[in-house]
Amino acid sequence: MNDSSSARPAAPVLDVWCELQCPDCRTALDDLRALRARYGDRLELRLRHFPLEKHKHSFAAAQAAEEALEQGRGWPYVEAVLGRVEELDRRGEDFLVEVARELGLDAEEFDTALIDGRHILIVDADQAEGKAIGVTGTPTYVIGGERLDGGKSQEGLRERVEEIADRLLAGQEG
């Protein structure tokens, strides 16, 4: 048990299986921003990594995102990289370090993290878990035990996430 003084139940978790070289994930950013705006800290958005083999920089980008999370700017970093997918395609790891620098993060530390591979285990574990629960593409959302696949179409997905989140939150009040 955590010993926080508030008796509020843990926020429902929305796992977002994402890949930073994926244009579909960039499209999903608007939905993620809207969800954050609507729920704030009542819904925990968790970045999960699912780098696809067809994108050669996606594995490094996932490691860089973990480094950004460690430095306290995970989502801003993810949004910055996804917003410039073409540059990542073209420039790879140099671009990942440059974005860190632009956000005022410790770029040297990013560089070192990509070289020493300190975040590889997290990325591998996410990918393995994703495969185990049937994630095949990105973005895929998992909330309340339900998997929503945004790789084919994101039409109506945010509404569905909100429905489930509202139901989970209502269940906490009972």
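Residues numbered from 1 in each chain as written. Predicted model: local features only at pLDDT ≥ 70, side-chain atom pairs only at ≥ 80, totals over all residues. Heavy atoms only, no water.

As a further point, take the side chain of histidine 55. Residue placement: histidine 55 occurs in the loop between strand E2 (44-49) and helix H2 (58-70). Not counting residues up to four positions away in its chain, the partners in contact with histidine 55 are Glu19, Gln21 and Cys22. (Helix = DSSP H or I, 4+ residues; strand = E, 2+ residues; numbered from the N terminus. Contact = heavy atoms within 4.5 Å.)

A cis amide bond links threonine 138 to the next residue, proline 139, at an omega of -5°. The residue proline 139 is located in the loop between helix H7 (120-132) and strand E3 (140-143) in this model.

Tallied over the full model, the rule gives 23 salt bridges. In this structure, aspartate 30 engages arginine 33 in a salt bridge whose closest nitrogen and oxygen atoms are separated by 3.1 Å. With a gap of three residues between them, aspartate 30 and arginine 33 both fall in helix H1 (residues 23-39), about one helical turn apart. With relative accessibility at 51%, the residue aspartate 30 sits in the exposed group. Among the charged side chains, a network of salt bridges with common partners joins Asp15, Arg46, Arg48, Asp126 and Glu129. (Salt bridge = Lys/Arg side-chain N within 4 Å of Asp/Glu carboxyl O. Buried < 20%, exposed > 50% of the residue type's maximum accessible area, 1.4 Å probe, protein only.)

Another aspect to go through is the sheet that holds E2. Pairing in this open sheet of four strands is mixed, and the strands run E2-E1-E3-E4 from one edge to the other. Two strands close off the open sheet at either side, each with one partner strand: E2 and strand E4 (146-149). Across the sheet, the mean angle from the axis of one strand to that of its neighbour is 20°, orientation sign disregarded. Bridge count between E3 and E4: four bridges; the pairing is antiparallel. By the bridge assignment for E4, isoleucine 143 is matched with glutamate 146. Against the sheet, H7 engages strand E1 (13-18) and E2, with an angle of about 95° to E2. (Pairing = 2+ DSSP bridges. Axes fitted to C-alpha atoms, helices over the stretch in contact; angles between N-to-C directions.)

Take helix H3 (residues 74-82) next. Counting buried positions along H3 gives seven out of nine residues, so the element sits mostly inside the fold. The set of residues buried in H3 consists of Gly74, Trp75, Tyr77, Val78, Glu79, Val81 and Leu82.

What follows covers the nonpolar core. With 43 residues, the main nonpolar core has Leu14, Tyr77 and Tyr141 as its most contacted residues. Here this core gets six residues from one element, more than from any other, and that element is H1. In this structure, Phe50, Leu52, Val135 and Val142 belong to the second largest nonpolar core, which totals five residues. (Core = buried A, V, L, I, M, F, W, Y, C linked by side-chain atoms within 4.5 Å.)

Moving on: empty space enclosed by the protein. One pass over the structure, following the stated rule, counts one cavity of 30 Å³ or more. In terms of lining residues, the largest cavity is bounded by Cys18, Glu19, Leu20, Leu47, His49, Pro51, Ser58, Ala62, Ala65 and Val78. Where the lining of the largest cavity is concerned, the elements lending two or more residues are E2 and H2. The element best represented in the lining of the largest cavity is H2, accounting for three residues. In the lining of the largest cavity, the residues fall into seven nonpolar, two polar and one charged. (1 Å grid on protein atoms, 1.4 Å probe; cavity = no way out; pocket = protein on both sides within 12 Å on 5 of 7 lines; lining within 4 Å. Points joined across faces, edges and corners; volume = space filled by probe spheres on them. Nonpolar A, V, L, I, M, F, W, Y, C, P; charged D, E, K, R; others polar.)

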